[in-house]
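# Observations on chain architecture
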Amino acid sequence: MARVTVERAMTAILSAEGLSKTFRTPFSRREVRALDGLDLQVASGEVFGLLGPNGAGKTTTVKILLGLTLPTSGRAELFGLPASDPESRRRVGYLPEGHRFPGYLSARQTLSIFGRMSGVSGPDLKTRIPELLERVRLTDWADVKVKKFSKGMTQRLGLASALVHR
């Protein structure tokens, strides 16, 4: 994999320097370099997309930033804290590719649970949930069971759940 460098002049909320990850295959013990020397900075307020072909290291990068895996070398920070520090992820919303919500919950209940798990207070949720449902155009579906949602509606609910804690 080629070395990638992306730089920004403003204060970074996300940064990586020399980030690399090598995996060993379970049977042959062969090494696979999933990420090779990523340098990256994303500033507050900036919109950034991580694009590349299969095997380019996109998922590995996100897993390192979320503290789900450790880099082989280099460093990664969120909001000025090491990505390995749970406090660095307190302000991060994440929507995994294959997310699922319990079908017996409504959209409102789902956001309430995700909000409480993220430390949002009850009074804040009372105002935050209607704002989010409006933002993702699910206001009319707020009290409908998620099992009745289309795939697109479930995706929009996922976005709202990733944003519930601001």
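Coordinates for the structure precede this section.
Figured I'd write up the structure that's included with this text.

Scoring rules and cut-offs
Every chain's residues receive numbers from 1 upward, in the order its sequence appears when written. The predicted origin of the model limits local features to residues at a pLDDT of at least 70 and limits the giving and counting of side-chain atom pairs to 80 or more, whereas totals for whole chains, interfaces and linings rest on all residues. Hydrogens and water molecules were not included; the side-chain quantities draw on all heavy atoms of the structure. Here a helix means four or more residues in a row that DSSP labels H or I, a strand means two or more in a row labelled E, and each is numbered from the N terminus. The cut-offs for exposure are 20% and 50% of the maximum accessible area for each residue type, with area from a 1.4 Å probe on protein chains only; residues under the lower value are buried, those over the upper are exposed, and the others partly exposed. Cavity: a set of points on a 1 Å grid over the protein atoms alone where a 1.4 Å probe fits but cannot get out. Pocket: an open set with protein on both sides within 12 Å along at least five of seven lines, its lining residues, like those of a cavity, having an atom within 4 Å of a point. Grid points are joined across faces, edges and corners, and a volume is the space filled by probe spheres set on the points. Under the scheme applied, nonpolar residues are Ala, Val, Leu, Ile, Met, Phe, Trp, Tyr, Cys and Pro; charged residues are Asp, Glu, Lys and Arg; polar residues are all the others, including Gly. Side-chain atoms within 4.5 Å are what join buried Ala, Val, Leu, Ile, Met, Phe, Trp, Tyr and Cys residues into a set we call a nonpolar core. We call two residues in contact whenever any of their non-hydrogen atoms come within 4.5 Å of each other.

## Things to note about the environment of G45
- Mapped onto the fold, G45 is located in the loop between β3 (31-43) and α1 (58-65).
- For G45, a relative accessible area of 76% gives the class exposed.

## Considerations on the layout of surface pockets
- A volume near 1,200 Å³ is recorded for the largest pocket.
- Together, 33 residues line the largest pocket, and L14, V62, V92, G93 and Y94 are the ones closest to its centre.
- Looking at the lining of the largest pocket, the elements that each hand over two or more residues are β2 (12-24), β3, α1, α3 (122-135) and α4 (151-163).
- Tallying contributions element by element places α1 first for the lining of the largest pocket, with 6 residues.
- Here the residues of the lining of the largest pocket are counted per class, giving 18 nonpolar, 7 polar and 8 charged.
- Reported here for the second largest pocket is a volume of approximately 350 Å³.
- Around the second largest pocket sit 17 residues that line it, and V92, F114, S118, S161 and H165 are the ones nearest its centre.
- Only α2 (107-117) and α4 provide two or more residues apiece to the lining of the second largest pocket.
- Here the lining of the second largest pocket gets 3 residues from one element, more than from any other, and that element is α4.
- Counted by class, the lining of the second largest pocket contains 8 nonpolar, 6 polar and 3 charged residues.

## A closer look at the nonpolar core
- One finds L111, L133, L138, F149 and L157 to be the most contacted residues of the largest nonpolar core, which totals 17 residues.
- Elements that contribute at least two residues to this core include exactly α2, α3 and α4.
- Here the element with the most residues in this core is α3; it accounts for 4 residues.
- Beyond its immediate chain neighbours, meaning those up to four positions away, L138 contacts L133, F149, M153, R156 and L157.

## Focus on α2
- The set of residues buried in α2 consists of A107, T110, L111, S112 and G115.
- Check the buried side of α2 and you find it contacts α3 and α4.
- Remark: G119 follows α2 within two positions and exhibits a positive phi of approximately 85°.

## Here we look at unusual backbone geometry
- The backbone of F79 shows a phi angle near 55°, a positive value even though the residue is not glycine.
- Structurally, F79 is set in the loop between β4 (73-78) and β5 (81-82).
- Positive phi is not limited to glycine here, since R137 has a value of about 60°.
- By secondary structure assignment, the location of R137 is in the loop between α3 and α4.
- Under the relative-accessibility criterion, R137 is labelled exposed at 64%.

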